[in-house]
Amino acid sequence: MSHSTLNITYKTRTRLLNDICYKGVLMLFGKTWTLVGRARSCVVTPLARLFVSSNMAKSKFEYVRNFETDDTCLKNCYIVVRLDGRNFHRFTEQHKFTKPNDNRALGLMSRSAHSVMEELEDIVIAYGQSDEFSFVFKRTSTWFKRRASKLMTHVASQFSSSYVFYWKEFFGDQPLLYPPSFDGRVVLYPTNRNLKDYLSWRQADCHVNNLYNTVFWTLVQKGGLTTAQAEDRLKGTLAADKNEILFSEFEINYNKESALHRKGTTLIWEKRDETVTKRMKRPNEEEKEVSVTRSRKRVQAHHCDIIGEQFWEEHTDILEDDGC
């Protein structure tokens, strides 16, 4: 190609560019345009090939989505997701948990629940004991469009993965022999009274189970009974009977046992002042260290009674107005 062929004038180049822009609009109709000139030719790909509409992306198989069940949780209800360890009797035996309570395991459960709350900030309170934890989403939460399956699976997966992730932090070199699993359920509670009664039920369950386990394993470990004999000894006994066995035979006052074991763990958001040191330089001054105090919300653990009113009176920001 000769040098004179490429030497096109400014006006010619301008007309050519305008022509390309004009015909580029026509490309939306799906045509391929070929521009031929003395110097060269070019083929421009239609824009329709580059930008595919949502209608074109659908296939004949889309109808299967109609089989999905609408599991949107009712509005103005607290959403409670409760997790329970699956087959944890075997899990605790295989990993030789301390009886009746293993503080390492309880700490790991709380740490995993802490991780869930940090991930899902709409959880206003969580309560756990033994191998279970309940997470309460605020009434006005719109996380995952309030879909029960999404909320439950996210909580369960975050909790389970955290349990494995933080295992060494609590159990050190003791190996995790196989991955634990947790089943979950979603329950809705429309009023503050309903929710408080639910949490009271779980804490009462903690007390009943822990009292029994404390007496049972004391009879085995200190009383020399077999597990079958201890079980037979406790048949038909009431709470007062179990307290009497502990006190009269082993000088154990149950009320002085660890609150963690008797009350379980309650996790809530609380504001805490944090002071950090920063290096700052002001005009006409040398750079120096300055202490800055900020108020931040952090997840805090409590081992206290939540059945009575005192806890709720001290933490009025947990529950929403029943008139919302």
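What counts, and at which threshold
- Residues numbered from 1 in each chain as written.
- Predicted model: local features only at pLDDT ≥ 70, side-chain atom pairs only at ≥ 80, totals over all residues.
- Heavy atoms only, no water.
- Salt bridge = Lys/Arg side-chain N within 4 Å of Asp/Glu carboxyl O.
- Helix = DSSP H or I, 4+ residues; strand = E, 2+ residues; numbered from the N terminus.
- Buried < 20%, exposed > 50% of the residue type's maximum accessible area, 1.4 Å probe, protein only.
- Pairing = 2+ DSSP bridges.
- Axes fitted to C-alpha atoms, helices over the stretch in contact; angles between N-to-C directions.
- Contact = heavy atoms within 4.5 Å.
- Core = buried A, V, L, I, M, F, W, Y, C linked by side-chain atoms within 4.5 Å.

Trainee: Help me understand the pattern of salt bridges in this model?
Mentor: Opposite charge on two side chains allows them to pair when their charged atoms are near. Scanning all chains against the criterion turns up 14 salt bridges. The residue arginine 147 makes a salt bridge to aspartate 71 at a minimum N-O spacing of 3.3 Å. Placement of the pair is arginine 147 in the loop between β5 (132-137) and α6 (148-165) and aspartate 71 in the loop between α3 (54-57) and β3 (78-85), with a sequence separation of 76 residues. When salt bridges with common partners are traced through the structure, they connect Arg82, Asp84, Asp183 and Arg185 into a single cluster.

Trainee: What should I look at first to understand unusual backbone geometry in this one?
Mentor: Negative phi characterises most residues that are not glycine, and trans characterises most peptide bonds. Between lysine 99 and proline 100 the backbone carries a cis peptide bond, its omega angle lying at 0°. Structurally, proline 100 is set in the loop between α4 (88-94) and α5 (103-119). Although it is not a glycine, asparagine 76 adopts a positive phi angle of roughly 60°. The topology assignment puts asparagine 76 in the loop between α3 and β3. Relative accessible area serves as the criterion here: at 40%, asparagine 76 is assigned to the partly exposed category. In this structure, lysine 145 takes a positive phi of about 55° despite not being glycine. Residue position: lysine 145 is located in the loop between β5 and α6.

Trainee: What's the story with the sheet that holds strand β7 (residues 265-280) in this structure? I'm lost.
Mentor: Think of a sheet as strands paired side by side through backbone hydrogen bonds, with each pair either parallel or antiparallel. Taking strand neighbours across the sheet as the criterion, the six strands line up as β6-β3-β5-β4-β7-β8 in an open arrangement whose pairing is antiparallel. In the strand order of this sheet, the two ends are held by β6 (182-189) and β8 (288-302), each with one partner. Direction aside, the axes of adjacent strands within the sheet are offset by 25° on average. Where β3 and β5 come together, six bridges link them in antiparallel fashion. Residue pairing for β5: aspartate 84 is matched across the bridge by glutamate 132. Docked against the sheet, α6 engages β3, β5 and β6, running at close to 140° with respect to β6.

Trainee: I tried to follow the nonpolar core on my own but got confused; where do I start?
Mentor: If you look at soluble globular proteins, the nonpolar side chains tend to sit buried side by side. In terms of nonpolar packing, the biggest core is built from 32 residues, with Phe135, Phe159 and Tyr163 touching the most fellow members. Residue assignment for this core shows that the elements contributing at least two residues are β3, α4, α5, β4 (123-129), β5, α6, α7 (167-171) and β7. The next biggest cluster of nonpolar side chains, apart from the first, holds 17 residues, and it includes Tyr78, Val124, Val136 and Tyr189.

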